[in-house]
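Close look at the chain arrangement
Spelled out from the first residue to the last, the chains are:
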Amino acid sequence: MQASRARLFKEYKEVQREKVADPDIQLVCDDTNIFKWTALIKGPSETPYEGGVFQLAFAVPEPYPLQPPQVRFLTKIFHPNVHFKTGEICLDILKNAWSPAWTLQSVCRAIIALMAHPEPDSPLNCDSGNLLRSGDVRGFNSMARMYTRLAAMPKKG
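Before going into details, it helps to say that this report is about the structure given with it. (Residues numbered from 1 in each chain as written. Predicted model: local features only at pLDDT ≥ 70, side-chain atom pairs only at ≥ 80, totals over all residues. Heavy atoms only, no water.)

1. Considerations on helix α2 (residues 104–116)
Filter applied, for reference: Every helix listed is a DSSP run of H or I at least four residues long, and every strand listed is a run of E at least two residues long, numbered separately from the N terminus. What a helix is expected to span follows from its residue count: subtract one and scale by 1.5 Å. Note on classification: 1.4 Å probe, protein chains only; a residue is buried when its accessible area is under 20% of the maximum for its type, exposed when over 50%, partly exposed between these limits. Here a residue-residue contact requires only that any non-hydrogen atoms of the pair lie within 4.5 Å.
The end-to-end C-alpha distance of α2 is 19 Å, a good match for the 18 Å that 13 residues give at a rise of 1.5 Å each. By the criterion of burial, α2 is predominantly enclosed, with 10 of the 13 residues buried. Those residues of α2 not exposed but buried are Leu104, Gln105, Ser106, Val107, Cys108, Ala110, Ile111, Ile112, Leu114 and Met115. Contacts made by the buried residues of α2 are with α1 (2–18), β1 (25–29), β2 (36–42), β3 (53–59) and β4 (70–73).

2. Topic: unusual backbone geometry
Trans is the common state for peptide bonds, and a negative phi is the common state for residues other than glycine. Between Tyr64 and the following residue, Pro65, the backbone shows a cis peptide bond with an omega angle of 10°. Of note in the backbone geometry, Glu46 takes a positive phi value of approximately 60° without being a glycine. Tracing the sequence through the fold places Glu46 in the loop between β2 and β3.

3. Concerning the packing of aromatic side chains
Under the convention used in this document: By convention, a stacked pair of Phe, Tyr or Trp rings (six-membered ring in the case of Trp) has centres within 6.5 Å and planes under 30 degrees apart, an edge-to-face pair has planes over 60 apart, and any other such pair is tilted.
Counted under the stated rule, the structure contains seven aromatic pairs. When the ring of Tyr49 is compared with that of Phe54, the centres are 6.0 Å apart and the planes differ by 80°; the resulting orientation is edge-to-face. Phe54 shares its class with Tyr49; the two are buried. The interplanar angle of 85° and the centroid separation of 6.2 Å between the aromatic rings of Phe54 and Phe73 together place this pair among those described as edge-to-face. Of the two residues, Phe54 is situated in strand β3 and Phe73 in strand β4; the sequence distance between them amounts to 19 residues. In terms of burial, Phe54 and Phe73 fall into one category: buried. Through a chain of ring-to-ring contacts, three or more aromatic side chains come together here, namely Phe78, Phe84, Phe140 and Tyr147.

If you want it as structure tokens, here you go:
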């Protein structure tokens, strides 16, 4: 527990230093619990998520960094590797490919990369995965853009 706390404090300090360096990620630690974090990530450019800001919730286990954090989208997103209702993310580094070298910041970067390069062959959202697998990229982009506008963009007016 002490080692994980020390590691999280180190990451917290790095996040404070990197705020300007990485404008696509805003990682925030809960005021009362170092094991709970949230992140705001910007949708990658030239994707249907461009212009959107997506909120992630991190639950960091006590054995961290030996075990990966649990991360899920709080913002609704139409993506084959994200469960539409729960926000659960299917990403190898959050499961069997985890390494203690990963940080919460680098996990955010990996999620942004996943947004730009979906893996339709291991879908948590079958509707989204089926559109991509059948070659209907236009249909997928249209649905993903619609949900980005509805859930991840500031309301005007």
